Amino acid sequence: MVETVLLVGVIASIFVGFNIGGSSTGIAWGPAVGAGLLGKATAAALMTFFVFLGGWTVGRNVMDTLSGDIIAIEISLAAGVAVLFFIGMGILIANVFGVPVPTSMTTVGAIAGLGLATDTLNFETIGWIVSWWIVTPILALWIGATVGRYIYPELNRRFEISASEGPLLGLDRSGSVPKPALGPNTTYQELGGTVTVLVIGCYMAFSAGASNVPNAVAPLVSSGALEINTAIIVATVAIGLGGFTIARRTMESVGSELSDIPLLAALIVMITASTITTALSWAGIPISLVMASVMTIVGLGWGRATRPVTAREAVRGDVDTEMTMGALKAEPDAPITQIGEEESDEALSADNLFNPRAIMKYVSMWIIGPSMSTLLAYGFFIAVPFV
């Protein structure tokens, strides 16, 4: 009987990890794949390796929080399987609505529901986690707005990352020993940009592993059914499987609903979101990588759009300039205005940065997802107290 329950639990973990891999791989590698800098299979392979690295190192801190700090008792094997079921249900609901899955929040909600039902919930830990769920989007929004208002236009003018025709690197066979050389159309700027994109993609994959590997296996680790090293390997394999399969589509479409932003803006978002997520994961806080990514995008657009207005005018409300949400797609050679000056038509001719309805859908899922998993888990463990 125990072996059967454990088998069901492992299958549930693989299902959760598989879906995490499908969504996280698209977020981490979608911009690079879309720019033609690497193939989907290569992206999935890099994702799998760095997810493992993130889970094996920083992810252990999040594992400790999920498996031992949220509630005052160990999660039994049967209860752990039930918790994984509710996590999977949360992922399914999010997929039905077509938004990236707030897996960390859903996981915390399901475990909190168990704690409420058994009167073992650690309210101090939950309060600390939820407070960071509130601070994180504000912090990401502020960073994005600051970069968009004061830094992005100059970066956009100086750096253009694109892929030229032909291979990036080749072999110079003119000498007695072949040596690496730039491709026929490759510039040093393109080489540097490509390396930057790859490094940042690996960094985001590491961050995704740190925050998401524990979500797939923490309930089984808490029950003692899986040893932590084995659990990390199981979660990594499942996430990698999702990266090689269902993520192929998300890598093509990632970001299309929120905005149509260039690679430079995507890299800024990736750096900001990954740094916030990795730092909080190191502190043991379960956090959603999607949350930081979305709010950084919104901040970038807001900061870019408010450049024609001085900070004093914005605070005093003395604003006659229309706030056009656009311009992250401005051409690299577009003229750069000073703060408070009108932007040129060339700079403000891009499509809208984001769809407000899409933003509302994302934010609502951050609230509905963990709330539903908490209520469902609470109702289940009240009705079935012997689990």
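Since this is a predicted model, take the numbers as computed values, not measurements. (Residues numbered from 1 in each chain as written. Predicted model: local features only at pLDDT ≥ 70, side-chain atom pairs only at ≥ 80, totals over all residues. Heavy atoms only, no water.)

Draft legend 1. Quick look at the overall build of the protein chain. Broken down by element type, the protein chain carries 13 helices and 2 strands. Relative to its 387 residues, the protein chain shows a buried fraction of 50%. The contacts of the protein chain with a sequence gap of at least 6 include a subset with a gap of at least 24, amounting to 81%. (Helix = DSSP H or I, 4+ residues; strand = E, 2+ residues; numbered from the N terminus. Buried < 20%, exposed > 50% of the residue type's maximum accessible area, 1.4 Å probe, protein only. Contact = heavy atoms within 4.5 Å.)

Draft legend 2. Layout of the UniProt feature "transmembrane region" (unreviewed entry) in the protein chain. According to UniProt, the "transmembrane region" (unreviewed entry) feature falls on residues 38–58, 70–97, 130–152, 191–208, 228–246, 258–276, 282–302 and 363–384. Secondary structure across residues 228–246 divides into 89% helix and 0% strand, with the first and last C-alpha atoms of the span separated by 27 Å. Helix makes up 95% of residues 363–384 and strand 0%, whereas the separation of the span's terminal C-alpha atoms amounts to 32 Å. (UniProt positions renumbered as here; feature names shortened; annotations may be inferred.)

Draft legend 3. Up close: the layout of surface pockets. Of the volumes computed, that of the second largest pocket is approximately 320 Å³. Within the residue set of the lining of the second largest pocket, elements represented by two or more residues are helix 5 (103–117), helix 6 (123–158), helix 11 (289–305) and helix 13 (356–383). Among the elements that make up the lining of the second largest pocket, the one with the highest residue count is helix 13 (6 residues). The class makeup of the residues in the lining of the second largest pocket is 14 nonpolar, 3 polar and no charged. (1 Å grid on protein atoms, 1.4 Å probe; cavity = no way out; pocket = protein on both sides within 12 Å on 5 of 7 lines; lining within 4 Å. Points joined across faces, edges and corners; volume = space filled by probe spheres on them. Nonpolar A, V, L, I, M, F, W, Y, C, P; charged D, E, K, R; others polar.)

Draft legend 4. Representation of the pairing of strand 2 (residues 179–182) within the structure. Two strands pair when backbone bridges link them, and strand 1 (residues 169–172) and strand 2 are joined in this way by 4 bridges, in the antiparallel orientation. Its bridge partner being in strand 2, leucine 169 is matched across the sheet by leucine 182. Where strand 1 hands over to strand 2, the hairpin turn is made up of 6 residues, counted between the paired strands. (Pairing = 2+ DSSP bridges.)

Draft legend 5. Representation of the environment of proline 184. On the secondary structure map, proline 184 appears in the loop between strand 2 and helix 7 (188–223). Counting along the chain gives 17 residues from proline 184 to proline 167, while the straight-line C-alpha distance between them is 7.4 Å.

Draft legend 6. Inspection of a nonpolar patch on the surface at higher detail. Together, Leu116, Phe123, Tyr378 and Ile382 give the surface a local cluster of nonpolar side chains, amounting to about 390 Å² of exposed area. In this structure, tyrosine 378 sits in helix 13. In this structure tyrosine 378 comes out as partly exposed when scored by relative accessible area, which is 35%. (Patch = residues over 30% accessible without salt bridge, like charges linked within 9 Å, V, L, I, M, F, W, Y side chains within 5 Å. Areas by Shrake-Rupley, 256 points an atom, 1.4 Å probe, with all protein chains shown as cover. Salt bridge = Lys/Arg side-chain N within 4 Å of Asp/Glu carboxyl O.)

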